[in-house]
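# A closer look at the structure
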Amino acid sequence: MNRLVTVAEMTLRELARRRGVLLLLLLMPLVFWLIRRDSHVGQSIRALLLGISWAVSTAALFATSAAREIEPRLRLAGYRPHHLYLGRMLGLWVLGLAVSVPFFLLTVFDTTNLRYAGIAVAMLCCVAVAAPFGMLIGALLPRELEGTLLLLTVVAMQMLLDPASSGAKLTPFWSSREIGTWAVDHTDDGYLTRGLLHGLVVTVLLTVTVAGVFAVRLRRRRHLHHVPLT
Amino acid sequence: MNADEWLRAFAAELHQRRVAVDAARHVVAEAATHLREGGGDPWLVFGPPPSYAAAIVESIGTTPGPRPGPVRLHARGITKRYGRRTVLRDASLTVRAGQIAAVVGANGCGKSTFLRICAGLVSPDAGEVSVSGRLGYCPQQGGTADFLLPDEHFVLVGAGQGVARGPARRAGRAAARHLGWDAEGDVLARHLSGGTRQKLNLTMSTLAEPDVLLLDEPYQGFDQGSYVNLWDQLIRLRDEGRAIVVVTHLLNQLDRVDVVLDLTTAQPGGRS
(Lines give C-alpha, C1' and ligand atoms only; values in the text may rest on other atoms or scores of the structure.)
Protein backbone atom coordinates (compact mmCIF):
# COMPACT_ATOMS: atom_id res chain seq x y z
CA MET A 1 0.00 0.00 0.00
CA ASN A 2 2.86 2.33 0.86
CA ARG A 3 4.40 1.78 -2.58
CA LEU A 4 1.13 2.56 -4.31
CA VAL A 5 0.60 5.75 -2.30
CA THR A 6 4.22 6.83 -2.88
CA VAL A 7 3.84 6.49 -6.67
CA ALA A 8 0.53 8.39 -6.51
CA GLU A 9 2.12 11.13 -4.42
CA MET A 10 5.10 11.50 -6.74
CA THR A 11 2.80 11.63 -9.78
CA LEU A 12 0.88 14.45 -8.14
CA ARG A 13 4.05 16.27 -7.10
CA GLU A 14 5.41 16.09 -10.65
CA LEU A 15 2.20 17.40 -12.19
CA ALA A 16 1.71 20.08 -9.53
CA ARG A 17 5.15 21.51 -10.36
CA ARG A 18 4.28 21.84 -14.03
CA ARG A 19 2.40 25.11 -13.66
CA GLY A 20 1.98 25.57 -17.40
CA VAL A 21 0.36 22.15 -17.63
CA LEU A 22 -1.96 22.92 -14.71
CA LEU A 23 -2.99 26.19 -16.32
CA LEU A 24 -3.76 24.47 -19.61
CA LEU A 25 -5.63 21.72 -17.77
CA LEU A 26 -7.94 24.38 -16.40
CA LEU A 27 -8.00 26.44 -19.58
CA MET A 28 -9.10 23.63 -21.88
CA PRO A 29 -12.49 22.89 -20.25
CA LEU A 30 -13.03 26.60 -19.63
CA VAL A 31 -12.58 27.44 -23.31
CA PHE A 32 -14.86 24.57 -24.33
CA TRP A 33 -17.50 25.85 -21.92
CA LEU A 34 -17.14 29.52 -22.94
CA ILE A 35 -17.50 28.77 -26.65
CA ARG A 36 -20.82 27.01 -26.07
CA ARG A 37 -22.10 29.23 -23.28
CA ASP A 38 -24.35 31.36 -25.49
CA SER A 39 -26.09 28.36 -26.99
CA HIS A 40 -28.28 25.81 -25.19
CA VAL A 41 -27.12 25.20 -21.60
CA GLY A 42 -26.85 21.50 -22.31
CA GLN A 43 -24.33 22.20 -25.06
CA SER A 44 -22.08 24.21 -22.73
CA ILE A 45 -22.22 21.52 -20.02
CA ARG A 46 -21.45 18.74 -22.51
CA ALA A 47 -18.57 20.78 -23.93
CA LEU A 48 -17.29 21.33 -20.39
CA LEU A 49 -17.43 17.59 -19.65
CA LEU A 50 -15.60 16.82 -22.86
CA GLY A 51 -12.99 19.45 -22.00
CA ILE A 52 -12.36 17.85 -18.59
CA SER A 53 -12.11 14.40 -20.20
CA TRP A 54 -9.65 15.63 -22.77
CA ALA A 55 -7.56 17.57 -20.25
CA VAL A 56 -7.22 14.63 -17.81
CA SER A 57 -6.55 12.15 -20.65
CA THR A 58 -3.77 14.38 -21.98
CA ALA A 59 -2.22 14.73 -18.51
CA ALA A 60 -2.38 10.92 -18.13
CA LEU A 61 -0.82 10.40 -21.55
CA PHE A 62 2.12 12.69 -20.80
CA ALA A 63 2.61 11.40 -17.24
CA THR A 64 2.77 7.83 -18.58
CA SER A 65 5.19 8.75 -21.35
CA ALA A 66 7.43 10.67 -18.92
CA ALA A 67 7.57 7.71 -16.53
CA ARG A 68 8.49 5.18 -19.22
CA GLU A 69 12.25 5.47 -18.56
CA ILE A 70 12.13 5.36 -14.76
CA GLU A 71 9.66 2.49 -14.42
CA PRO A 72 12.04 -0.39 -15.28
CA ARG A 73 14.45 0.72 -12.55
CA LEU A 74 11.59 1.09 -10.06
CA ARG A 75 10.60 -2.46 -10.97
CA LEU A 76 14.14 -3.56 -10.10
CA ALA A 77 13.93 -1.51 -6.90
CA GLY A 78 11.10 -3.71 -5.66
CA TYR A 79 7.89 -2.35 -7.21
CA ARG A 80 5.39 -4.71 -8.83
CA PRO A 81 3.70 -3.54 -12.07
CA HIS A 82 0.39 -2.93 -10.26
CA HIS A 83 2.09 -0.54 -7.82
CA LEU A 84 3.25 1.53 -10.77
CA TYR A 85 0.10 1.74 -12.89
CA LEU A 86 -2.43 1.84 -10.06
CA GLY A 87 -0.34 4.39 -8.14
CA ARG A 88 -0.11 6.61 -11.20
CA MET A 89 -3.81 6.19 -11.91
CA LEU A 90 -4.66 7.09 -8.33
CA GLY A 91 -2.57 10.27 -8.60
CA LEU A 92 -4.28 11.19 -11.88
CA TRP A 93 -7.74 10.58 -10.43
CA VAL A 94 -6.95 12.93 -7.55
CA LEU A 95 -5.67 15.53 -9.99
CA GLY A 96 -8.77 15.11 -12.16
CA LEU A 97 -11.06 15.63 -9.18
CA ALA A 98 -9.13 18.76 -8.19
CA VAL A 99 -9.51 20.11 -11.74
CA SER A 100 -13.24 19.28 -11.77
CA VAL A 101 -14.16 21.04 -8.52
CA PRO A 102 -13.91 24.64 -9.84
CA PHE A 103 -15.92 23.70 -12.92
CA PHE A 104 -18.59 22.06 -10.83
CA LEU A 105 -18.84 25.28 -8.80
CA LEU A 106 -18.97 27.22 -12.06
CA THR A 107 -22.07 25.30 -13.19
CA VAL A 108 -23.66 25.71 -9.77
CA PHE A 109 -23.25 29.50 -9.82
CA ASP A 110 -23.84 30.03 -13.53
CA THR A 111 -26.82 27.83 -14.28
CA THR A 112 -30.07 27.14 -12.50
CA ASN A 113 -32.53 24.28 -12.77
CA LEU A 114 -29.91 21.52 -13.14
CA ARG A 115 -29.60 18.21 -11.36
CA TYR A 116 -26.28 19.19 -9.75
CA ALA A 117 -25.66 15.74 -8.36
CA GLY A 118 -25.88 14.50 -11.93
CA ILE A 119 -23.31 17.07 -13.07
CA ALA A 120 -20.98 15.89 -10.26
CA VAL A 121 -21.46 12.23 -11.22
CA ALA A 122 -20.85 13.03 -14.90
CA MET A 123 -17.60 14.77 -13.95
CA LEU A 124 -16.61 11.78 -11.84
CA CYS A 125 -17.22 9.54 -14.85
CA CYS A 126 -15.09 11.83 -17.03
CA VAL A 127 -12.18 11.64 -14.57
CA ALA A 128 -12.61 7.91 -13.89
CA VAL A 129 -12.46 7.05 -17.61
CA ALA A 130 -9.93 9.70 -18.69
CA ALA A 131 -7.05 8.59 -16.43
CA PRO A 132 -6.84 4.94 -17.61
CA PHE A 133 -7.69 6.01 -21.18
CA GLY A 134 -4.75 8.48 -21.37
CA MET A 135 -2.49 5.97 -19.62
CA LEU A 136 -3.40 3.25 -22.09
CA ILE A 137 -2.54 5.45 -25.06
CA GLY A 138 0.70 6.48 -23.33
CA ALA A 139 1.57 2.85 -22.65
CA LEU A 140 0.80 1.66 -26.18
CA LEU A 141 2.34 4.54 -28.12
CA PRO A 142 5.84 5.39 -26.88
CA ARG A 143 5.99 8.74 -28.66
CA GLU A 144 3.94 11.62 -27.32
CA LEU A 145 3.06 13.08 -30.72
CA GLU A 146 1.40 9.86 -31.91
CA GLY A 147 -0.41 9.57 -28.59
CA THR A 148 -1.67 13.14 -28.74
CA LEU A 149 -2.93 12.68 -32.30
CA LEU A 150 -4.79 9.50 -31.35
CA LEU A 151 -6.33 11.27 -28.36
CA LEU A 152 -7.37 14.14 -30.60
CA THR A 153 -8.99 11.71 -33.03
CA VAL A 154 -10.99 9.96 -30.30
CA VAL A 155 -12.19 13.21 -28.72
CA ALA A 156 -13.10 14.69 -32.13
CA MET A 157 -15.04 11.50 -32.89
CA GLN A 158 -16.78 11.79 -29.53
CA MET A 159 -17.70 15.38 -30.34
CA LEU A 160 -19.01 14.74 -33.86
CA LEU A 161 -20.88 11.45 -33.47
CA ASP A 162 -24.61 11.52 -32.89
CA PRO A 163 -24.96 10.45 -29.24
CA ALA A 164 -28.03 8.39 -30.08
CA SER A 165 -26.12 6.30 -32.63
CA SER A 166 -24.83 2.89 -31.65
CA GLY A 167 -21.30 3.89 -32.65
CA ALA A 168 -21.31 6.67 -30.03
CA LYS A 169 -21.72 4.09 -27.30
CA LEU A 170 -18.34 2.67 -28.24
CA THR A 171 -16.61 5.97 -27.52
CA PRO A 172 -15.03 6.19 -24.04
CA PHE A 173 -16.80 9.28 -22.73
CA TRP A 174 -20.35 8.48 -23.81
CA SER A 175 -21.29 7.92 -20.15
CA SER A 176 -20.73 11.54 -19.14
CA ARG A 177 -22.80 12.75 -22.08
CA GLU A 178 -25.67 10.48 -21.11
CA ILE A 179 -25.55 11.50 -17.45
CA GLY A 180 -25.16 15.14 -18.51
CA THR A 181 -28.39 14.84 -20.53
CA TRP A 182 -30.14 13.45 -17.43
CA ALA A 183 -28.82 16.34 -15.32
CA VAL A 184 -29.56 19.14 -17.81
CA ASP A 185 -32.72 18.03 -19.63
CA HIS A 186 -34.34 16.21 -16.68
CA THR A 187 -34.83 13.07 -18.73
CA ASP A 188 -35.87 9.74 -17.21
CA ASP A 189 -33.57 7.75 -14.91
CA GLY A 190 -32.67 5.38 -17.73
CA TYR A 191 -30.13 7.94 -18.91
CA LEU A 192 -28.45 7.96 -15.51
CA THR A 193 -28.42 4.18 -15.22
CA ARG A 194 -27.08 3.65 -18.73
CA GLY A 195 -24.44 6.32 -18.17
CA LEU A 196 -23.28 4.92 -14.85
CA LEU A 197 -23.11 1.40 -16.25
CA HIS A 198 -21.19 2.56 -19.31
CA GLY A 199 -18.76 4.59 -17.19
CA LEU A 200 -18.16 1.67 -14.86
CA VAL A 201 -17.67 -0.89 -17.64
CA VAL A 202 -15.35 1.38 -19.65
CA THR A 203 -13.27 2.27 -16.56
CA VAL A 204 -12.88 -1.39 -15.60
CA LEU A 205 -12.08 -2.43 -19.18
CA LEU A 206 -9.49 0.31 -19.62
CA THR A 207 -7.90 -0.41 -16.23
CA VAL A 208 -7.65 -4.13 -17.00
CA THR A 209 -6.11 -3.36 -20.40
CA VAL A 210 -3.61 -0.96 -18.81
CA ALA A 211 -2.78 -3.71 -16.29
CA GLY A 212 -2.18 -6.15 -19.14
CA VAL A 213 0.07 -3.77 -21.07
CA PHE A 214 2.12 -2.91 -17.97
CA ALA A 215 2.36 -6.56 -16.95
CA VAL A 216 3.80 -7.43 -20.37
CA ARG A 217 6.12 -4.44 -20.57
CA LEU A 218 7.49 -4.82 -17.02
CA ARG A 219 7.42 -8.62 -16.88
CA ARG A 220 10.19 -10.73 -15.44
CA ARG A 221 12.04 -12.10 -18.45
CA ARG A 222 12.40 -15.84 -18.79
CA HIS A 223 16.14 -15.75 -19.44
CA LEU A 224 16.84 -14.19 -16.02
CA HIS A 225 17.04 -16.64 -13.13
CA HIS A 226 17.34 -15.52 -9.54
CA VAL A 227 19.31 -17.97 -7.45
CA PRO A 228 19.53 -17.85 -3.65
CA LEU A 229 22.29 -15.74 -2.14
CA THR A 230 25.23 -17.87 -0.97
CA MET B 1 48.45 22.43 -13.22
CA ASN B 2 47.29 24.17 -10.03
CA ALA B 3 47.22 22.60 -6.55
CA ASP B 4 43.70 21.19 -6.92
CA GLU B 5 44.47 19.56 -10.22
CA TRP B 6 47.70 18.15 -8.81
CA LEU B 7 45.81 16.69 -5.85
CA ARG B 8 43.24 15.08 -8.12
CA ALA B 9 45.92 13.56 -10.31
CA PHE B 10 47.72 12.36 -7.18
CA ALA B 11 44.53 10.77 -5.82
CA ALA B 12 43.94 9.02 -9.15
CA GLU B 13 47.50 7.67 -9.12
CA LEU B 14 47.04 6.30 -5.59
CA HIS B 15 43.83 4.56 -6.64
CA GLN B 16 45.44 3.08 -9.70
CA ARG B 17 48.17 1.67 -7.47
CA ARG B 18 45.47 0.04 -5.30
CA VAL B 19 46.21 2.05 -2.17
CA ALA B 20 43.36 1.43 0.29
CA VAL B 21 40.59 3.98 -0.16
CA ASP B 22 40.72 5.35 3.38
CA ALA B 23 44.53 5.47 3.40
CA ALA B 24 44.55 7.28 0.04
CA ARG B 25 42.02 9.79 1.28
CA HIS B 26 44.13 10.41 4.37
CA VAL B 27 47.34 10.91 2.36
CA VAL B 28 45.64 13.30 -0.08
CA ALA B 29 44.16 15.28 2.83
CA GLU B 30 47.61 15.54 4.42
CA ALA B 31 49.15 16.73 1.15
CA ALA B 32 46.34 19.29 0.75
CA THR B 33 46.90 20.58 4.29
CA HIS B 34 50.63 20.83 3.69
CA LEU B 35 50.10 22.81 0.50
CA ARG B 36 47.51 25.08 2.10
CA GLU B 37 49.65 25.87 5.14
CA GLY B 38 53.09 25.87 3.54
CA GLY B 39 52.14 27.16 0.10
CA GLY B 40 54.34 26.55 -2.90
CA ASP B 41 54.03 24.75 -6.17
CA PRO B 42 53.09 21.08 -5.58
CA TRP B 43 55.40 20.12 -8.45
CA LEU B 44 58.30 21.61 -6.52
CA VAL B 45 57.13 20.46 -3.07
CA PHE B 46 56.15 16.86 -3.93
CA GLY B 47 57.20 16.35 -7.54
CA PRO B 48 55.07 14.80 -10.29
CA PRO B 49 51.94 12.98 -9.01
CA PRO B 50 53.03 9.54 -10.33
CA SER B 51 56.44 9.75 -8.63
CA TYR B 52 55.02 10.91 -5.31
CA ALA B 53 52.29 8.24 -5.47
CA ALA B 54 54.98 5.60 -6.11
CA ALA B 55 56.90 6.85 -3.08
CA ILE B 56 53.76 6.64 -0.94
CA VAL B 57 53.11 3.09 -2.13
CA GLU B 58 56.67 2.18 -1.17
CA SER B 59 55.99 3.56 2.28
CA ILE B 60 52.48 2.32 3.15
CA GLY B 61 52.00 -0.54 0.70
CA THR B 62 48.84 -1.47 -1.15
CA THR B 63 45.74 -3.37 -0.23
CA PRO B 64 45.82 -7.03 -1.16
CA GLY B 65 43.51 -7.84 -4.04
CA PRO B 66 40.11 -8.84 -2.69
CA ARG B 67 39.45 -12.57 -2.68
CA PRO B 68 36.59 -13.15 -5.06
CA GLY B 69 33.53 -14.62 -3.40
CA PRO B 70 30.75 -16.76 -4.85
CA VAL B 71 29.39 -16.14 -8.33
CA ARG B 72 26.84 -13.33 -8.31
CA LEU B 73 26.21 -12.87 -12.04
CA HIS B 74 26.58 -15.51 -14.70
CA ALA B 75 25.55 -14.62 -18.24
CA ARG B 76 26.12 -17.33 -20.82
CA GLY B 77 25.64 -17.57 -24.55
CA ILE B 78 23.87 -14.23 -24.88
CA THR B 79 22.82 -13.57 -28.47
CA LYS B 80 20.69 -10.66 -29.55
CA ARG B 81 19.51 -9.65 -32.99
CA TYR B 82 17.69 -6.56 -34.13
CA GLY B 83 16.15 -7.57 -37.44
CA ARG B 84 18.92 -9.09 -39.53
CA ARG B 85 21.66 -7.40 -37.53
CA THR B 86 23.26 -9.46 -34.77
CA VAL B 87 24.48 -7.10 -32.04
CA LEU B 88 25.56 -9.79 -29.57
CA ARG B 89 26.80 -13.24 -30.45
CA ASP B 90 27.33 -15.84 -27.72
CA ALA B 91 28.56 -13.31 -25.15
CA SER B 92 29.30 -14.67 -21.68
CA LEU B 93 30.41 -13.10 -18.44
CA THR B 94 30.89 -14.35 -14.90
CA VAL B 95 31.29 -11.90 -12.03
CA ARG B 96 31.89 -12.93 -8.43
CA ALA B 97 31.23 -11.06 -5.21
CA GLY B 98 34.07 -8.58 -4.70
CA GLN B 99 34.83 -8.13 -8.39
CA ILE B 100 34.44 -5.30 -10.88
CA ALA B 101 33.85 -6.32 -14.48
CA ALA B 102 34.17 -3.94 -17.42
CA VAL B 103 32.14 -4.39 -20.59
CA VAL B 104 34.01 -2.62 -23.37
CA GLY B 105 33.74 -2.28 -27.11
CA ALA B 106 33.17 0.11 -29.95
CA ASN B 107 30.02 2.19 -30.30
CA GLY B 108 27.06 0.07 -31.33
CA CYS B 109 28.66 -3.25 -30.37
CA GLY B 110 25.87 -4.03 -27.90
CA LYS B 111 27.36 -3.00 -24.54
CA SER B 112 24.18 -1.35 -23.25
CA THR B 113 22.02 -4.11 -24.73
CA PHE B 114 24.13 -6.71 -22.90
CA LEU B 115 23.68 -4.82 -19.63
CA ARG B 116 19.92 -4.46 -20.17
CA ILE B 117 19.71 -8.20 -20.83
CA CYS B 118 21.62 -8.84 -17.58
CA ALA B 119 19.16 -6.53 -15.79
CA GLY B 120 16.22 -8.44 -17.28
CA LEU B 121 14.91 -5.41 -19.15
CA VAL B 122 15.43 -6.86 -22.63
CA SER B 123 15.03 -10.48 -23.71
CA PRO B 124 17.88 -12.10 -25.63
CA ASP B 125 17.31 -14.34 -28.64
CA ALA B 126 19.47 -16.96 -26.93
CA GLY B 127 21.27 -17.35 -23.64
CA GLU B 128 20.53 -17.13 -19.94
CA VAL B 129 21.49 -14.98 -16.99
CA SER B 130 21.68 -16.13 -13.38
CA VAL B 131 21.76 -13.53 -10.64
CA SER B 132 22.40 -14.23 -7.00
CA GLY B 133 21.02 -11.57 -4.70
CA ARG B 134 19.51 -8.16 -5.31
CA LEU B 135 20.06 -6.40 -8.62
CA GLY B 136 20.75 -2.66 -9.07
CA TYR B 137 20.82 -0.92 -12.44
CA CYS B 138 21.97 2.53 -13.48
CA PRO B 139 20.87 3.38 -17.04
CA GLN B 140 23.01 5.53 -19.31
CA GLN B 141 20.35 8.22 -19.34
CA GLY B 142 16.74 8.89 -18.46
CA GLY B 143 16.58 7.09 -15.14
CA THR B 144 15.38 10.14 -13.22
CA ALA B 145 12.15 12.17 -13.07
CA ASP B 146 12.50 15.78 -14.27
CA PHE B 147 10.08 17.33 -11.81
CA LEU B 148 11.13 15.56 -8.60
CA LEU B 149 13.74 16.64 -6.06
CA PRO B 150 16.71 14.36 -5.29
CA ASP B 151 15.21 13.57 -1.87
CA GLU B 152 11.96 12.52 -3.54
CA HIS B 153 13.88 10.16 -5.83
CA PHE B 154 15.43 8.58 -2.73
CA VAL B 155 12.00 8.22 -1.09
CA LEU B 156 10.56 6.69 -4.28
CA VAL B 157 13.35 4.11 -4.61
CA GLY B 158 13.37 3.46 -0.85
CA ALA B 159 9.63 2.75 -0.79
CA GLY B 160 10.23 -0.06 -3.31
CA GLN B 161 12.29 -1.82 -0.65
CA GLY B 162 9.89 -0.90 2.12
CA VAL B 163 12.28 1.69 3.56
CA ALA B 164 10.64 4.57 5.42
CA ARG B 165 11.02 8.12 4.12
CA GLY B 166 13.48 9.43 6.70
CA PRO B 167 15.97 6.56 6.41
CA ALA B 168 15.64 6.57 2.60
CA ARG B 169 16.49 10.28 2.46
CA ARG B 170 19.42 9.85 4.83
CA ALA B 171 20.75 6.84 2.91
CA GLY B 172 20.45 8.73 -0.40
CA ARG B 173 22.25 11.78 0.93
CA ALA B 174 25.02 9.64 2.42
CA ALA B 175 25.50 7.74 -0.87
CA ALA B 176 25.56 11.08 -2.73
CA ARG B 177 28.25 12.40 -0.39
CA HIS B 178 30.48 9.47 -1.42
CA LEU B 179 30.33 10.94 -4.92
CA GLY B 180 31.20 14.41 -3.64
CA TRP B 181 27.65 15.71 -4.03
CA ASP B 182 25.50 17.39 -1.40
CA ALA B 183 21.99 16.24 -2.32
CA GLU B 184 20.12 18.24 0.30
CA GLY B 185 19.16 21.21 -1.91
CA ASP B 186 15.68 21.90 -3.25
CA VAL B 187 16.68 21.64 -6.90
CA LEU B 188 14.52 19.74 -9.35
CA ALA B 189 16.28 16.98 -11.27
CA ARG B 190 15.78 18.85 -14.53
CA HIS B 191 17.76 21.80 -13.18
CA LEU B 192 20.75 19.67 -12.15
CA SER B 193 23.82 19.74 -14.38
CA GLY B 194 24.42 16.68 -16.53
CA GLY B 195 27.12 15.36 -14.20
CA THR B 196 25.09 15.95 -11.02
CA ARG B 197 22.07 14.32 -12.59
CA GLN B 198 24.21 11.31 -13.38
CA LYS B 199 25.28 11.25 -9.71
CA LEU B 200 21.59 11.15 -8.77
CA ASN B 201 21.12 8.32 -11.25
CA LEU B 202 24.05 6.44 -9.73
CA THR B 203 22.96 7.11 -6.16
CA MET B 204 19.51 5.67 -6.92
CA SER B 205 21.07 2.46 -8.18
CA THR B 206 23.16 1.93 -5.03
CA LEU B 207 20.42 2.95 -2.61
CA ALA B 208 18.81 -0.48 -2.38
CA GLU B 209 22.22 -1.98 -1.45
CA PRO B 210 22.29 -4.35 -4.42
CA ASP B 211 24.47 -7.45 -4.47
CA VAL B 212 24.94 -7.04 -8.22
CA LEU B 213 25.31 -3.52 -9.57
CA LEU B 214 25.01 -2.86 -13.30
CA LEU B 215 26.26 0.55 -14.45
CA ASP B 216 25.89 1.81 -18.00
CA GLU B 217 28.61 4.44 -18.56
CA PRO B 218 27.92 6.01 -15.16
CA TYR B 219 30.49 8.78 -15.45
CA GLN B 220 28.94 10.84 -18.26
CA GLY B 221 29.30 14.55 -17.54
CA PHE B 222 31.62 13.94 -14.58
CA ASP B 223 34.56 16.23 -13.94
CA GLN B 224 37.93 14.79 -12.90
CA GLY B 225 37.15 14.96 -9.16
CA SER B 226 33.77 13.28 -9.57
CA TYR B 227 35.38 10.61 -11.70
CA VAL B 228 37.86 9.83 -8.94
CA ASN B 229 35.01 9.79 -6.39
CA LEU B 230 33.09 7.36 -8.60
CA TRP B 231 35.95 4.88 -8.68
CA ASP B 232 36.44 5.40 -4.93
CA GLN B 233 32.84 4.43 -4.46
CA LEU B 234 33.03 1.45 -6.82
CA ILE B 235 36.14 0.12 -5.12
CA ARG B 236 34.50 0.58 -1.73
CA LEU B 237 31.44 -1.34 -2.91
CA ARG B 238 33.64 -4.05 -4.40
CA ASP B 239 35.53 -4.37 -1.14
CA GLU B 240 32.19 -4.76 0.64
CA GLY B 241 31.59 -7.82 -1.52
CA ARG B 242 29.37 -6.43 -4.27
CA ALA B 243 29.67 -7.66 -7.84
CA ILE B 244 29.85 -4.69 -10.21
CA VAL B 245 29.56 -4.55 -13.99
CA VAL B 246 30.52 -1.26 -15.66
CA VAL B 247 29.96 -0.48 -19.30
CA THR B 248 32.84 1.77 -20.26
CA HIS B 249 34.78 3.00 -23.21
CA LEU B 250 37.50 4.62 -21.12
CA LEU B 251 40.19 2.03 -21.56
CA ASN B 252 42.61 3.72 -19.14
CA GLN B 253 40.43 2.51 -16.28
CA LEU B 254 40.67 -1.12 -17.21
CA ASP B 255 43.63 -1.81 -14.94
CA ARG B 256 41.31 -1.20 -11.99
CA VAL B 257 38.83 -3.89 -12.89
CA ASP B 258 39.02 -7.61 -12.34
CA VAL B 259 37.23 -8.97 -15.39
CA VAL B 260 36.92 -7.60 -18.92
CA LEU B 261 34.36 -8.52 -21.54
CA ASP B 262 35.32 -7.04 -24.90
CA LEU B 263 32.30 -7.10 -27.17
CA THR B 264 34.14 -5.66 -30.16
CA THR B 265 35.55 -9.06 -30.98
CA ALA B 266 32.34 -10.80 -29.84
CA GLN B 267 34.43 -13.46 -28.12
CA PRO B 268 32.55 -15.83 -25.88
CA GLY B 269 33.51 -15.61 -22.22
CA GLY B 270 35.12 -12.91 -20.13
CA ARG B 271 38.88 -12.45 -19.81
CA SER B 272 40.03 -12.52 -16.17
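Within an unreviewed UniProt entry, the label attached to chain B reads ABC transporter, and the organism entered is Micromonospora craterilacus.

An unreviewed UniProt entry annotates chain A as ABC-2 type transporter transmembrane domain-containing protein originating from Micromonospora craterilacus. One UniProt comment on chain A, placed under Subcellular location (unreviewed entry), says "Membrane".

### Overview of the overall build of chain B
Looking only at helices and strands, chain B has nine helices and eight strands in total. Its C-alpha radius of gyration of 20 Å places chain B within 12% of the 19 Å reference for a compact globule of 272 residues. Principal axes of the C-alpha set define a box for chain B whose edges measure 65 × 40 × 30 Å. Residues counted as buried form 54% of the 272 residues belonging to chain B. Considering only residue pairs separated by 6 or more positions, chain B has 71% of its internal contacts joining residues 24 or more positions apart. Here chain B contributes 30 positive and 28 negative side-chain charges, whose respective centroids are spaced 8 Å apart.

### Structural notes on the interface of chain B and chain A
Taken together, the contact between chain B and chain A spans 43 residues of the former and 29 residues of the latter. Taken together, both faces of the contact between chain B and chain A bury some 3,100 Å²; the carbon and sulfur share is 56%. Where chain B packs against chain A, one counts three salt bridges. A salt bridge links R165 of chain B to E9 of chain A, with the shortest nitrogen-to-oxygen separation between them at 2.4 Å. The interface formed by chain B and chain A includes 20 residue pairs in polar contact (both at pLDDT 80 or more). Among the elements of the structure, α5 (111–119), β4 (126–132), β5 (135–138), α6 (150–160) and α8 (194–207) of chain B are those that each provide at least two residues to the side of chain B that touches chain A. Considering only residue class, the side of chain B that touches chain A consists of 23 nonpolar, 15 polar and five charged. Across four bridges, the pairing between strand β1 (residues 224–227) of chain A and β4 of chain B is parallel. Across the sheet, the residue bridging to L224 of chain A is V129 of chain B, located in β4 of chain B.

### Notes on the sheet that holds β1 of chain A
The strand order across the open sheet formed by four strands is β1(A)-β4(B)-β1(B)-β2(B), and the pairing between neighbours is mixed. With one partner strand each, in any of the chains shown, β1 of chain A together with β2 (85–96) of chain B form the two edges of the open sheet. Direction aside, neighbouring strands of the sheet carry axes that sit 15 degrees apart on average. Seen against the sheet, α5 of chain B touches β1 of chain A together with β1 (71–82), β2 and β4 of chain B and runs at an angle of roughly 125 degrees to β1 of chain B.

### Notes on the pairing of β1 of chain B
Sheet faces and side chains relate simply in a regular strand, where the side chains alternate between the two faces. Residue and element names in this part refer to chain B. In the sheet, β1 pairs with β2 via eight bridges, with the strands oriented antiparallel. Residue pairing in the sheet places A75 in a bridge with L93 of β2. Count of turn residues in the β1/β2 antiparallel hairpin: two residues, of which G83 carries a positive phi of about 65 degrees. One ladder, built from five bridges, connects β1 with β4; its direction is antiparallel. When the bridges of β4 are listed, T79 appears paired with A126.

### Structural notes on the side chain of E152 of chain B
Tracing the backbone shows E152 of chain B in helix α6. Assessed through its relative accessible area of 7%, E152 of chain B is described here as buried. Apart from residues lying up to four places away in sequence, E152 of chain B is in contact with M10, R13 and R17 of chain A.

### What about the environment of V95 of chain B?
All names here are of chain B. By secondary structure assignment, the location of V95 is in strand β2. The spacing of V95 and V259 is 164 residues in sequence and 7.4 Å in space, taken between C-alpha atoms. Sequence-distant contacts of V95, that is, excluding residues within four places in its chain, are made with V71, R72, L73, A101, A243, I244 and V245.

### A few points about the UniProt feature "domain: ABC-2 type transporter transmembrane" (unreviewed entry) in chain A
Under the UniProt annotation, the feature "domain: ABC-2 type transporter transmembrane" (unreviewed entry) is placed at residues 49–154 of chain A. Across residues 49–154 of chain A one finds 86% helix and 0% strand; the C-alpha atoms that close the span lie 15 Å apart.

### With respect to the sheet that holds β5 of chain B
Strands in a sheet are paired, the pairing made by backbone hydrogen bonds, and the direction either parallel or antiparallel. Residues and elements named next belong to chain B. Taking strand neighbours across the sheet as the criterion, the five strands line up as β5-β6-β7-β3-β8 in an open arrangement whose pairing is parallel. Only two strands of the sheet have a single partner each, and these edge strands are β5 and β8 (259–262). Pairs of neighbouring strands in the sheet enclose a mean axial angle of 15 degrees, with direction left out of account. As defined by bridge partners, strand β3 (residues 99–104) adjoins β8 across four bridges and the pair is classed as parallel. Note that in β8 the partner of A102 across the bridge is V260. Of the strands in this sheet, β3, β6 (212–216) and β7 (243–247) touch helix α9 (residues 224–239), which is tilted by about 130 degrees from β3.

Reading the values: the criteria
Residues numbered from 1 in each chain as written. Chains lettered and ligands numbered in written order. Predicted model: local features only at pLDDT ≥ 70, side-chain atom pairs only at ≥ 80, totals over all residues. Heavy atoms only, no water. UniProt positions renumbered as here; feature names shortened; annotations may be inferred. Helix = DSSP H or I, 4+ residues; strand = E, 2+ residues; numbered from the N terminus. Rg over C-alpha atoms; globule rule 2.2 N^0.38 Å. Buried < 20%, exposed > 50% of the residue type's maximum accessible area, 1.4 Å probe, protein only. Contact = heavy atoms within 4.5 Å. Lys, Arg positive; Asp, Glu negative; His and termini not counted. Charge placed at Lys NZ, Arg CZ, Asp CG, Glu CD. Buried area = accessible area lost by both parts, 1.4 Å probe. Salt bridge = Lys/Arg side-chain N within 4 Å of Asp/Glu carboxyl O. Polar contact = N/O pair within 3.5 Å; in protein donor to acceptor, adjacent residues only side chain to side chain. Nonpolar A, V, L, I, M, F, W, Y, C, P; charged D, E, K, R; others polar. Pairing = 2+ DSSP bridges. Axes fitted to C-alpha atoms, helices over the stretch in contact; angles between N-to-C directions.

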